[in-house]
Amino acid sequence: SEWRVRLARASGSVRAAQPYETRLPVDFSAWNKRALPSAYTCLVQRRQSVALSLNLPACEVVLKYSFAQHDSTQAIDEAIDLASGVSQPALALRPVDIDDDVIAWCTSAINKPPPEWKYKLWRRLRNSLYVYDASVFVGIPRLFLLSTQQWWDVLKPCVEDAGGKARCLDVGAGRGDLTTPVAPLFPGGVYATEVSAALVAWLTCARGIRALQTDAPDEALKRWKCAPFDAVLCLNVLDRCKDPAKLLRQCARVAHPTHGRVVVAIPLPVAMRDARKGQGGSQQVLDVRGSTFEEAAAQLVRKLPALAKTSDDDDDNDDPDAAPPVNLEVERLVRAPYLCTGPEREPLFVLDCAVVVLRRSGM
């Protein structure tokens, strides 16, 4: 309603949710064409009289970064132990801190929402174009996952292992909204792949990122004739691609064999939606469920290393050049809000997202 928008603009604040605020179970009843099971309401609004009487802000953006304090957290600890042998799971589960960049992004989304006509045009274009090309032509929606400082917290070991010349590949980079904050960590260069020619042109011209049109990360090494990457990012792509298991293995194979990291971000519980429906074969399912975020995350950290150890269905086992399975170990699991801008009546959308850092090691 109008008063809610006015309050959001007048007195908004942004904070991280407390552990007790993350206990709510996943609302599967909201899973339809407009909402995913990983979606949650981040904009808390109060009538002015209530806010004044309780000495609370009239509007708050509350974002989930920590894990709920219940038995499911122990399930994640055990899953990480099984997946990687991490001796101190508490360190692997350490949450990132909210910072000024996150607050500034959310404040901008609420205070300066794009006009409604842009969203109407974007929705219309999505029906006739590749779904993510529409954002190139209209310039919306804007997306956000982690700030530069938060990425540094997550990827510091990776950058340090590379000796100050770290390079990364962002697989399925879209418009580059999620790539831009992580780019300063990789002075050796930032590369990207996309299946769309329009997105490749945007990444190259607007973002200054070296981009290649392909759906196979393996092609990046062949085309650019470069060494394996120190980090391979696969951010909110596994649930939109044709074959998530195959894509994960391809990402692992282009990571540096001794210290490379594969970073997977995916909303939980996983809801598969084929971004290229009607093109090629049917979508394979990455089955990760759970009544809470923590239960789904425990399944995810078990499943990702196991998928990387299997061979592609189309690999010829008698071929000496066939790509071998890859060993990945879970190094870090972070909970992060995957933010998306909306129109004035709904200026901010969020999905509950897991960010998993997997380190490549010898078989």
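Residues numbered from 1 in each chain as written. Predicted model: local features only at pLDDT ≥ 70, side-chain atom pairs only at ≥ 80, totals over all residues. Heavy atoms only, no water.

Enquirer: Can you break down the overall build of the chain residue by residue, with the values?
Expert: In terms of regular secondary structure, the chain is built from 13 helices and 11 strands. When contacts within the chain are restricted to residue pairs at least 6 apart in sequence, those whose partners lie at least 24 apart make up 71%. Carbon and sulfur atoms make up 51% of the accessible area of the chain, which totals about 16,900 Å². (Helix = DSSP H or I, 4+ residues; strand = E, 2+ residues; numbered from the N terminus. Contact = heavy atoms within 4.5 Å. Areas by Shrake-Rupley, 256 points an atom, 1.4 Å probe, with all protein chains shown as cover.)

Enquirer: Hey, could you go over the packing of aromatic side chains for me, with residue numbers and the actual values?
Expert: Going through the model one piece at a time under the given rule, you end up with six aromatic pairs. Taking 6.2 Å as the distance between ring centres and 85° as the angle between the ring planes, the aromatic pair formed by Tyr119 and Trp122 counts as edge-to-face. In this pair, Tyr119 and Trp122 both sit in helix α6 (residues 116–126), three residues apart, roughly one turn of the helix. According to the relative accessible area criterion, Trp122 is buried, its value standing at 14%. Ring geometry for Tyr130 against Tyr132: centres 5.7 Å apart, planes inclined by 75°, an arrangement best described as edge-to-face. In textbook terms, an aromatic cluster arises when at least three aromatic residues are bridged by ring pairs, as seen for Tyr191, Trp224 and Phe229. Here the guanidinium or amino end of Lys64 rests over the ring plane of Tyr40, the centre of that ring lying 4.4 Å away. Sitting over the ring of Phe293, Arg335 keeps its end group 4.2 Å from the ring centre. (Phe/Tyr/Trp six-rings, centres within 6.5 Å; stacked < 30°, edge-to-face > 60°. Buried < 20%, exposed > 50% of the residue type's maximum accessible area, 1.4 Å probe, protein only. Lys NZ or Arg CZ within 6 Å of the ring centre and 35° of its normal.)

Enquirer: Quick rundown of the nonpolar core? Include the residues and the values.
Expert: Leu63, Leu145, Trp151 and Leu155 are the most contacted members of the largest nonpolar core, which has 53 residues in total. Ranked by residue count, the leading element in this core is strand β11 (residues 348–361), at six residues. When neighbours within four sequence positions are excluded, Leu145 is seen to be in contact with Gln150, Trp151, Leu178, Ala265, Ala336, Pro337, Tyr338, Cys353 and Val355. Counting residues in each nonpolar core, the second largest holds 49 residues, with Tyr191, Val262, Val270 and Val301 among its members. (Core = buried A, V, L, I, M, F, W, Y, C linked by side-chain atoms within 4.5 Å.)

Enquirer: Break down unusual backbone geometry for me, citing the residues and quoting the values.
Expert: In this structure, the amide linkage connecting Ile140 to the following residue, Pro141, adopts the cis form with an omega of -5°. Here Pro141 lies in the loop between α7 (134–138) and β4 (143–144). With omega at -10°, the peptide bond leading from Leu268 into Pro269 counts as cis. Backbone geometry places Lys225, a non-glycine residue, at a positive phi of 50°. Inspection of the secondary structure assignment puts Lys225 in the loop between α11 (218–224) and β8 (231–235). On the accessibility criterion, Lys225 (75% relative accessible area) is exposed. Positive phi outside glycine occurs at Asn236, with the angle close to 60°.

Enquirer: Tell me about the pattern of salt bridges, residues and numbers included.
Expert: Inspection of every chain in the model, using the stated rule, returns 15 salt bridges. One salt bridge in this structure joins Arg332 and Asp153, with 3.2 Å as the shortest N-O distance. Here Arg332 is found in strand β10 (residues 327–341), whereas its partner Asp153 is found in helix α8 (residues 148–161), with 179 residues between them in sequence. Under the relative-accessibility criterion, Arg332 is labelled buried at 5%. Here the salt bridges do not stand alone but share partners, grouping Asp161, Arg261, Glu331 and Arg359 into one network. (Salt bridge = Lys/Arg side-chain N within 4 Å of Asp/Glu carboxyl O.)

Enquirer: Quick one: what's the story with the side chain of Asp352, residue by residue and with numbers?
Expert: Summarising the element assignment, Asp352 is placed in strand β11. With relative accessibility at 5%, the residue Asp352 sits in the buried group. Within the local environment of Asp352, its side chain forms a polar contact with the side chain of Arg335, the two groups lying 2.6 Å apart. Setting aside chain neighbours within four positions, we find Asp352 in contact with Ser38, Tyr40, Lys64, Ile266, Pro267, Leu268, Phe293, Arg335 and Ala336. (Polar contact = N/O pair within 3.5 Å; in protein donor to acceptor, adjacent residues only side chain to side chain.)

Enquirer: Could you give me a rundown of the pairing of strand β6 (residues 189–194), with the residues and numbers involved?
Expert: Among the six residues of β6, six are classified as buried, and the element is accordingly described as predominantly covered. Where strand β5 (residues 167–171) lies against β6, five bridges are found, and the strand directions are parallel. Among the inter-strand pairings, Cys168 is bridged to a residue of β6, identified as Val190. Summarising the sheet, β6 and strand β7 (residues 210–213) pair through four bridges and their orientation is parallel. Bridge assignment links Ala192 to a residue of β7, and that residue is Ala211. Running through helix α10 (residues 197–205), the crossover from β6 to the neighbouring parallel element β7 is right-handed. (Pairing = 2+ DSSP bridges. Right-handed = clockwise from strand over helix to strand, strands pointing away.)

Enquirer: Explain the environment of Pro325 residue by residue, including any values.
Expert: Along the chain, Pro325 turns up in the loop between α13 (293–308) and β10. Judged by its relative accessible area of 25%, Pro325 is partly exposed. Sequence spacing of Pro325 and Ala252 is 73 residues, and the spatial spacing of their C-alpha atoms is 9.0 Å.

All we've got here are geometric facts, nothing functional implied.
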